[in-house]
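Residue-level listing of the chains:
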Amino acid sequence: DTPSQWKVGLYDIHLTDGVIAYENTPLNNRWNVHNLKLYIPGLYFSGKSTDVGLAFELPTGGKISTKMQYNMELSEYNITLQTDSIHLSNGDPFIKEYLNVGGLDGYLNSYTHIIGNLQNIENVYIDGDAEINDIKLYDEQGETFASLDHIYTKLDSINIRHNNICIDSIAANGLFMHYDI
């Protein structure tokens, strides 16, 4: 007798209106992620690639969404991550831990694409772009000491296996800095 080949697939899985509560006690940082959406068109345990999508909104505005395809038999993955108008103040507690600043403002938009294989972690390829608008760094008194209207970068590729990073372009405008001696 030859064993039968079982193929398991779960289809059309939806999670909507989810909430995640986050708390970092040492940094006194707490926020809730609302409107969490998870969509899995197909979860496969043999043969096809699993396809998963996740999207959520942050409490200070902005949206994060991701799509992932993973083939268990080949250990290959294909991931896209997109941010839309993420307010940089979400990172204030982490930035204040390393920099002597009162706060940070600005909005991040980005697109990242990652392709790789878990059997050979060096075999990863990354490309994408990112822009930050209306960046402002504040001092402890709330005064702006540095700002930038817009910065954009286009990452042509990162190829870990060949130790190659190719940045297509970086553009910035509207730089302001103020420092009292």
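Along every chain, residues carry numbers that run from 1 in the direction the sequence is written. Per-residue local features of the predicted model are confined to residues with pLDDT of at least 70, and side-chain atom pairs are confined, for both listing and counting, to 80 or more; whole-chain, interface and lining totals are unaffected and use all residues. To get the side-chain values, take all heavy atoms of the structure and skip hydrogens and water.

Let us now look at the overall build of the chain. When its secondary structure is counted, the chain shows 1 helix and 10 strands. Starting at the N terminus and walking to the C terminus, you meet the elements of the chain as β-β-β-β-β-α-β-β-β-β-β. Its C-alpha radius of gyration of 21 Å places the chain more than 25% over the 16 Å reference for a compact globule of 181 residues. The C-alpha extent of the chain, read off along each of the three principal axes, is 85 × 40 × 25 Å. Buried means the residue's accessible area, taken with a 1.4 Å probe over protein chains only, is under 20% of the maximum for its type, while exposed means over 50%, and partly exposed covers the values in between. Going through the 181 residues of the chain one by one, you find that 28% of them count as buried. Every accessible area reported is derived by Shrake-Rupley at a probe size of 1.4 Å, with residue values counting cover from the shown protein chains alone. For the chain, the exposed surface amounts to about 12,200 Å²; the carbon and sulfur share of it is 55%. Distance from the positive charge centre (10 side chains) to the negative charge centre (24 side chains) of the chain: 8 Å. The secondary structure listing takes helices from DSSP runs of H or I that are at least 4 residues long and strands from runs of E that are at least 2 residues long, numbered from the N terminus. Taken over C-alpha atoms, the radius of gyration is set against a globule rule of 2.2 Å times the number of residues to the power 0.38. In this charge count, Lys and Arg are treated as positive and Asp and Glu as negative; neither His nor the chain ends contribute. In plain terms, the charge of a residue is placed at NZ if it is Lys, CZ if Arg, CG if Asp and CD if Glu.

Position of asparagine 29 among the secondary structure elements: in strand E2 (residues 29-44). For asparagine 29, a relative accessible area of 8% corresponds to the buried category. Sequence-distant contacts of asparagine 29, that is, excluding residues within four places in its chain, are made with Tyr22, Glu23, Asn24, Asn90, Pro93 and Phe94. Contacts are assigned to residue pairs with any non-hydrogen atoms lying within 4.5 Å of each other.

On to the confidence of the model for the chain, then. Across the chain, pLDDT averages 87, with 95% of residues at or above 70. The weakest mean pLDDT in the chain belongs to E2 at 75; the strongest belongs to strand E9 (residues 164-173) at 96. Values of pLDDT, ranging from 0 to 100, describe the predictor's confidence in every residue of the model.

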